[in-house]
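# Per-entry structural report
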Amino acid sequence: MKIIMLGAPGAGKGTQAKQIAEKYHIPHISTGDIFRANIKNGTELGKEAKKYMDQGMLVPDELTTNLLVDRIKDADCENGYVLDGFPRTIPQAECLDRALEGLGEKIDFAVNVEVPDENIIRRMSGRRACLSCGATYHIQYNPPKAENVCDACGSQLVLRDDDKAETVKKRLDVYHAQTQPLIDYYTEKGVLAQVDGTQEIDKVFSDIVAILGE
Ligand code: ADP
Ligand code: ADP
Ligand code: ZN
């Protein structure tokens, strides 16, 4: 099963994608996590990506698309994957479609997690991220068992550099201008599914399972 998660920054794409990956035994592929891992390891890609990420801007399509198209050719992607944070622009979606066509494959579902902008800023200021395994928490809505420690891997949690309120506003503008058009794109392809992302995490997940099937 090949799934794309759509939604504003902070809508809960990563939170849901992790659970989808576990339930359906497919890899969770987050371009944001890949960039952050590269930044942490000081790679050239990380240095380049950081320039854009810190400003709330998108990393250029070419860099992002090449990375993603390579990743989905890995052996663990044979039975599908859940893409979180990609595609984020129409050109990225078109490149993905072309790459899939070449492999004789297609996207099965694009799940749009809908959350109004008003809720997003509150969510982001409380978000705590694990840069080792990509898990995210919320100090109020989804706290870790021990304060500031990742349940999954024991690493220290951080407030991401780009989760500051000013950067989040910029990211929301970028989302509306460049990513929201993908909702129409996948509607036209007949694979869009809408989910109300303002509900509790477990309810959002059960709505998604109802769409994807048991
Ligand atoms: P969030 O989950 O909060 O939306 P991500 O971890 O997906 O954030 O992305 C963080 C940042 O990484 C983005 O603001 C952008 O700079 C960069 N990024 C991630 N995915 C992409 C992509 N597909 N295209 C361009 N930039 C991306
Ligand atoms: P995205 O990947 O779309 O940027 P995340 O999954 O990282 O979003 O979620 C953003 C923040 O909101 C995190 O702190 C997360 O714990 C919290 N969160 C996710 N889903 C919900 C929800 N349904 N209700 C309340 N908070 C949520
Ligand atoms: Zn972790």
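Here the structure is a predicted model, which is why all the values come from computation and not from measurement.

## Some remarks on the site of ligand 2
- Around ligand 2, the structure places 19 residues, and the nearest of them are G10, T15, R127, Y137 and Q199.
- Note that an oxygen atom of ligand 2 is positioned 2.8 Å from one of the backbone N or O atoms of G14.
- In this structure, H138 approaches ligand 2 through a main-chain N or O atom, which is 3.4 Å from an oxygen atom.
- Burial of ligand 2 by the protein amounts to 94% of the accessible area it has alone, namely 560 Å².
- Among the elements of the structure, α1 (13-24) and β6 (136-138) are those that each provide at least two residues to the shell around ligand 2.
- Looking at side-chain class alone, the shell around ligand 2 contains 6 nonpolar, 9 polar and 4 charged residues.

## Overview of the pattern of salt bridges
- Taken as a whole and judged by the stated rule, the model has 17 salt bridges.
- Two residues, E105 and K2, come together in a salt bridge whose shortest N-O distance is 3.9 Å. Of this pair, E105 sits in the loop between α5 (90-103) and β4 (109-114) while K2 sits in strand β1 (residues 2-6), and the two are 103 residues apart along the sequence.
- Between D54 and K50 there is a salt bridge, with its nearest N and O atoms 2.8 Å apart.
- Given a relative accessible area of 35%, D54 falls into the partly exposed group.
- Salt bridges sharing partners connect three or more residues here, namely R127, R160, D162, D163 and R171.

## Some points on the layout of surface pockets
- Size it by volume and the second largest pocket reaches roughly 300 Å³.
- Residue lining of the second largest pocket: 14 residues in total, with T15, K18, A135, T136 and N142 positioned closest to the centre.
- Of all elements in the fold, only α1 and β6 reach the threshold of two or more residues within the lining of the second largest pocket.
- The greatest single-element share of the lining of the second largest pocket, amounting to 5 residues, is contributed by α1.
- Looking at the lining of the second largest pocket, its residues break down into 5 nonpolar, 6 polar and 3 charged.

## Looking at the coordination of the zinc ion (ligand 3)
- At 2.3 to 2.4 Å from the zinc ion (ligand 3) lie its protein donor atoms, namely C130 (SG), C133 (SG), C150 (SG) and C153 (SG).
- Read in sequence order, the donor residues coordinating the zinc ion (ligand 3) give the pattern C-x2-C-x16-C-x2-C. Highlighted residues: C130 in the loop between β5 (127-129) and β6 and C153 in the loop between β6 and α7 (165-179), separated in sequence by 23 residues.
- We classify C153 as partly exposed; its relative accessible area is 38%.

The rules behind these values
- Residues numbered from 1 in each chain as written.
- Chains lettered and ligands numbered in written order.
- Predicted model: local features only at pLDDT ≥ 70, side-chain atom pairs only at ≥ 80, totals over all residues.
- Heavy atoms only, no water.
- Near = heavy atom within 4 Å.
- Polar contact = N/O pair within 3.5 Å; in protein donor to acceptor, adjacent residues only side chain to side chain.
- Areas by Shrake-Rupley, 256 points an atom, 1.4 Å probe, with all protein chains shown as cover.
- Helix = DSSP H or I, 4+ residues; strand = E, 2+ residues; numbered from the N terminus.
- Nonpolar A, V, L, I, M, F, W, Y, C, P; charged D, E, K, R; others polar.
- Salt bridge = Lys/Arg side-chain N within 4 Å of Asp/Glu carboxyl O.
- Buried < 20%, exposed > 50% of the residue type's maximum accessible area, 1.4 Å probe, protein only.
- 1 Å grid on protein atoms, 1.4 Å probe; cavity = no way out; pocket = protein on both sides within 12 Å on 5 of 7 lines; lining within 4 Å.
- Points joined across faces, edges and corners; volume = space filled by probe spheres on them.
- Donors = N, O, S within 2.8 Å, 3.2 Å for Na, K, Ca; no water.

None of this, on its own, says anything about what the molecule does.
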